[in-house]
Amino acid sequence: MERSFRSGKETECPQRPGLRSRFIRPGRLHQQPRECARQPPGLPGRSLPLRAWEIRRPDERALSIPEKFQSQGACGNGESDRKYRRSHGLSPDPAAHRGFRYRGGARGRCGAQKIKPVNRPSSPVRVRFAPSPTGYLHVGGARTALFDWLFARKRNGTFILRIEDTDVERSSEDMTRGILEAMTWLGLHWDEGPYYQSKRLDFYRETAQRLVKEGYAYQDEGAIRFRVPEGKVTYKDAVFGEITVESDTIENFVLLRSDSNPTYHLSVVVDDIDMRISHVIRGADHISNTPKQILLYRALGASLPVFAHLPLILGPDKTRLSKRHGATSVMAYQEQGIVPEALRNFLALLGWAPGTDQELFNDEELNHAFSLQGISKANAVFNQDKLAWFNAQYLSRLEHEKLVRYLKPEFMKAGLWRDSLEKEESAWFKSLIDLLRPRAKVLQDFPRQSRLFLDPNIEYDPAAVEKFLKDPKIKENLQGLASRLESLPEFTLQSTEAAVRGFADELGIKAGALINASRVALTGQSVAPGIFDVMTLMGREKTVARLRI
RNA sequence: GUCCCGUUCGUCUAGCCCGGUCUAGGACACAGCCCUUUCAAGGCUGCAGCACGGGUUCGAAUCCCGUACGGGACGCCA
């Protein structure tokens, strides 16, 4: 096919008999019957089982995980997600059920015409995030988890969390806890799991033995290796298009270590089959692992899931994001005062774009806009500045109740919290927060800038005092202003402004001079929110007192 | 080294599959202006990019080939 194109010979389109043209390129042949391009290779029956073998034990029902393999804690909260969907009236995306659509393949080449249209309802969407608890959840992992989660939501599927802790040496429970905590903080709720591979060890061992018995693997000094067959492995990545690897570049890899623990390749494939994973969405660092795993799927007689690899997140120096680049842990961002909504929005746009100019997405909008087609192939650099911008955007538009929930611990840390702030003083507190919103970059900015309202003592910035309060005459004027404000019938934004401007007029000085001096007297700083906002929020009594310094 | 993949403003990206509508659009950052009592926020304007070389074509950011550069994988890590 490709040959004939290159040589410019006439070709007949197999999909449209009679249509002959040298301009038909392989990639275009299947254009008309769209279904064939959308048909994933992984549907039941599409694979080439070398030997049929059900991995499941006879007494197990589909999808069920033996109780002893399940986690103790009831960490999954599928119920809340179901509720979420119901309450948001989310119906299955109509497109979701027409089957999966591939992006254009590797330039000009496309093997999809070999796939015949199959009229079969698509299998349920089940995706998993499978971190290894050898470290905290970093932003790269979080982005992967987010895309998995988004895809599951979008297609009304199930999001599964699986802990890949087969490396006993390097895995730790603390790390697992940290990962769960980070995902919860980010709002990435899983419907199933967490499943622990360390509790399914026998399962993998059994499978490895099976493969040996059937000739797909062999013993090698206590370990079990997979026997890589000759030929080549080709698969269609939902993001990268067709990827082909010659088998002789793949060595006979280990399935079971000599300590009888499974390696990643074995456990991941066994579990993905067992858990009926329909779409494997993971980092692009797994692209070269995929052919090995496909070989395993074949040996186990299982059909393939759709593979979708995500471009990597790089540091500013364009190398893979690591500790060298500073904060990479999700929880480090929480500590920095980043709200989860902002991180999520930012992460969603790293390696994915909606195709429109929209940048700010609420949950529902993101859900609606997300699709595998918008994922780019090129690695992305993590841009702190843009994250900061997203955070500022969210700080200025988050619902008040939610913001207060994030803020309370910060006010406590700063020693500025008092319960009346969410009781008697709640209305006042809300105006304070609203005043600070457009100025806040991180959560900590709120207590920081609230101090002058909440703490009876204020600190004066010497430079500001020097600049605006040095003149004895200005102090005198502030005294006069204090008396003026004291006798105001009401103390509002309008009345204070009128009083200040009127007084400045009478004194024959610029209002600005009076305002600048007042700012320092009231706040101790030369930088603060609008002075009339400050006065009204501070209240008449305190304002008058501070003006009479 | 071998294999796989990628390459549009400094950064995130739209456009690429289906070549003309692209004097390449948006956002962050940066600069200037406006608003203004300071600082923000907001509004407006500006700066800046199709890696390179061939080819195909009347026409290429878009299709093809090559080069360079970058990334990933080559573990009894995941």
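Everything quoted here is computed from the prediction, not taken from an experiment. (Residues numbered from 1 in each chain as written. Chains lettered and ligands numbered in written order. Predicted model: local features only at pLDDT ≥ 70, side-chain atom pairs only at ≥ 80, totals over all residues. Heavy atoms only, no water.)

Enquirer: Please give an account of the overall build of chain A that cites residues and values.
Expert: Helix and strand counts for chain A come out as 22 helices and 14 strands. In chain A, the share of contacts with a sequence separation of at least 24, taken over all contacts with a separation of at least 6, comes to 75%. (Helix = DSSP H or I, 4+ residues; strand = E, 2+ residues; numbered from the N terminus. Contact = heavy atoms within 4.5 Å.)

Enquirer: Lay out the layout of surface pockets with the relevant residues and their values.
Expert: Taken as a whole, the largest pocket spans an internal volume of roughly 1,100 Å³. What lines the largest pocket is a set of 36 residues, and nearest its centre among them are Ser132, His138, Asp285, His286 and Arg320. If you list the elements that add at least two residues to the lining of the largest pocket, you get β3 (126-129), α5 (139-154), α8 (264-274) and β11 (279-283). Looking at side-chain class alone, the lining of the largest pocket contains 13 nonpolar, 13 polar and 10 charged residues. (1 Å grid on protein atoms, 1.4 Å probe; cavity = no way out; pocket = protein on both sides within 12 Å on 5 of 7 lines; lining within 4 Å. Points joined across faces, edges and corners; volume = space filled by probe spheres on them. Nonpolar A, V, L, I, M, F, W, Y, C, P; charged D, E, K, R; others polar.)

Enquirer: How would you explain the packing of aromatic side chains if you had to name every residue and give the values?
Expert: Inspection of the entire model under this criterion finds 13 aromatic pairs. An angle of 45 degrees between the planes, with centres 5.9 Å apart, marks the rings of Tyr333 and Phe382 as tilted. Of this pair, Tyr333 sits in helix α10 (residues 330-335) while Phe382 sits in the loop between β14 (380-381) and α13 (384-397); the two residues are 49 residues apart in sequence, bridging distant segments of the chain. Of the residues examined, Tyr333 reaches a relative accessible area of 0% and is grouped as buried. The interplanar angle of 65 degrees and the centroid separation of 6.4 Å between the aromatic rings of Phe411 and Trp417 together place this pair among those described as edge-to-face. According to the relative accessible area criterion, Trp417 is buried, its value standing at 15%. The structure contains a cluster of three or more aromatic residues connected by ring pairs, namely Tyr333, Phe346, Phe382, Trp389 and Phe390. Over the aromatic face of Phe147 sits the side chain of Arg143, whose NZ or CZ is 5.1 Å from the ring centroid. (Phe/Tyr/Trp six-rings, centres within 6.5 Å; stacked < 30°, edge-to-face > 60°. Buried < 20%, exposed > 50% of the residue type's maximum accessible area, 1.4 Å probe, protein only. Lys NZ or Arg CZ within 6 Å of the ring centre and 35° of its normal.)

Enquirer: Pulling in residues and values, what's your account of the pattern of salt bridges?
Expert: Within the structure shown, the criterion is met by 27 salt bridges. Here Arg162 makes a salt bridge to Glu164, at a shortest N to O gap of 2.9 Å. The class for Glu164 is buried, based on a relative accessible area of 9%. Among the salt bridges present, the one from Arg162 reaches Asp272, with a minimum N-O distance of 2.9 Å. (Salt bridge = Lys/Arg side-chain N within 4 Å of Asp/Glu carboxyl O.)

Enquirer: How would you summarise the sheet that holds strand β10 (residues 254-256) if you had to cite specific residues and measurements?
Expert: Spatial strand order, β6-β7-β10: 3 strands in an open sheet with antiparallel pairing. Among the strands making up the open sheet, the edge pair consists of β6 (217-220) and β10. Along the sheet, successive strands turn relative to each other by an average axial angle of 40 degrees, direction set aside. Judged from the 4 bridges that link them, β6 and strand β7 (residues 223-226) form a sheet pairing that is antiparallel. Following the sheet pairing, Tyr218 is matched in β7 by Arg225. (Pairing = 2+ DSSP bridges. Axes fitted to C-alpha atoms, helices over the stretch in contact; angles between N-to-C directions.)

Enquirer: Give a detailed account of the pairing of strand β9 (residues 241-246), specifying residues and quantitative values.
Expert: In this structure, strand β8 (residues 232-237) lies alongside β9, joined through 6 bridges in antiparallel fashion. Directly across from Asp237, in β9, lies its bridge partner Gly241. Adjacent in sequence and paired antiparallel, β8 and β9 are bridged by 3 residues.

Enquirer: Help me get a handle on helix α15 (residues 426-436), residues and values and all.
Expert: Buried within α15 are the following residues: Phe429, Leu432, Ile433, Leu435 and Leu436. Taken down its axis, α15 places every buried residue within 160 degrees of arc, on the same side. The inward-facing, buried residues of α15 abut α14 (400-413), α16 (445-454) and α21 (531-538). (Arc of directions from axis to C-beta.)

Enquirer: Describe the nonpolar core, naming the residues involved and giving the relevant values.
Expert: Met183, Leu343 and Phe382 are the most contacted members of the largest nonpolar core, which has 146 residues in total. Aside from chain neighbours lying at most four places away, what touches Phe382 is Val139, Ile313, Leu314, Leu321, Tyr333, Phe346, Leu347, Leu350 and Leu387. (Core = buried A, V, L, I, M, F, W, Y, C linked by side-chain atoms within 4.5 Å.)

Enquirer: Please provide a residue-by-residue account of unusual backbone geometry, values included.
Expert: Geometrically, the link from Gly193 to Pro194 is a cis peptide bond, its omega value of 0 degrees lying close to zero. Locating Pro194 in the fold gives a position in strand β5 (residues 192-196). Of note, the phi angle at Ser260 is positive, near 70 degrees, even though the residue is not glycine. Mapped onto the elements of the fold, Ser260 is located in the loop between β10 and α8. Positive phi values are uncommon outside glycine, yet Lys318 reaches one of about 65 degrees. With respect to the helices and strands, the residue Lys318 is situated in the loop between β13 (313-314) and α10.

Enquirer: How would you sum up the packing of helix α18 (residues 472-486) against helix α20 (residues 511-523)? Please name residues and give values.
Expert: At their nearest, the axes of α18 and α20 sit 10 Å apart, and the two run at 85 degrees to each other. Comparing the axis directions of α18 and α20 gives the class roughly perpendicular. Contacts between α18 and α20 involve Ile474, Asn477, Leu478 and Leu481 on the former and, on the latter, Ala513, Leu514, Ala517, Ser518 and Ala521. Residue composition of the contact of α18 with α20, grouped by class: 7 nonpolar, 2 polar and no charged. (Parallel < 35°, antiparallel > 145°, perpendicular 65-115°, else oblique.)

Enquirer: Requested: an account of the environment of Gly480, with residues and values cited.
Expert: Structurally, the position occupied by Gly480 is in helix α18. Overall, the relative accessible area of 23% leaves Gly480 in the partly exposed class. Between the C-alpha atoms of Gly480 and Phe503, which are 23 residues apart in sequence, the distance is 8.5 Å.

Enquirer: Describe α5, listing the residues and the values that go with them.
Expert: Compared with the 22 Å implied by 1.5 Å per residue over 16 residues, the 22 Å span of α5 between its first and last C-alpha is a close match. Most of α5 is tucked away: 16 of the 16 residues are buried. Looking one or two residues past α5, Asn156 carries a phi angle of roughly 55 degrees, positive in sign. (Expected span 1.5 Å × (residues − 1).)

Enquirer: Explain the side chain of Arg128 to me, using residue names and the numbers behind them.
Expert: The topology assignment puts Arg128 in strand β3. Polar side-chain contacts of Arg128 include one of 2.8 Å to the side chain of Asp272. Apart from the residues within four sequence positions on either side, Arg128 is in contact with Asp148, Phe159, Ile160, Arg162, Val268, Asp272, Ile277, Val280, Ile281 and Arg282. (Polar contact = N/O pair within 3.5 Å; in protein donor to acceptor, adjacent residues only side chain to side chain.)

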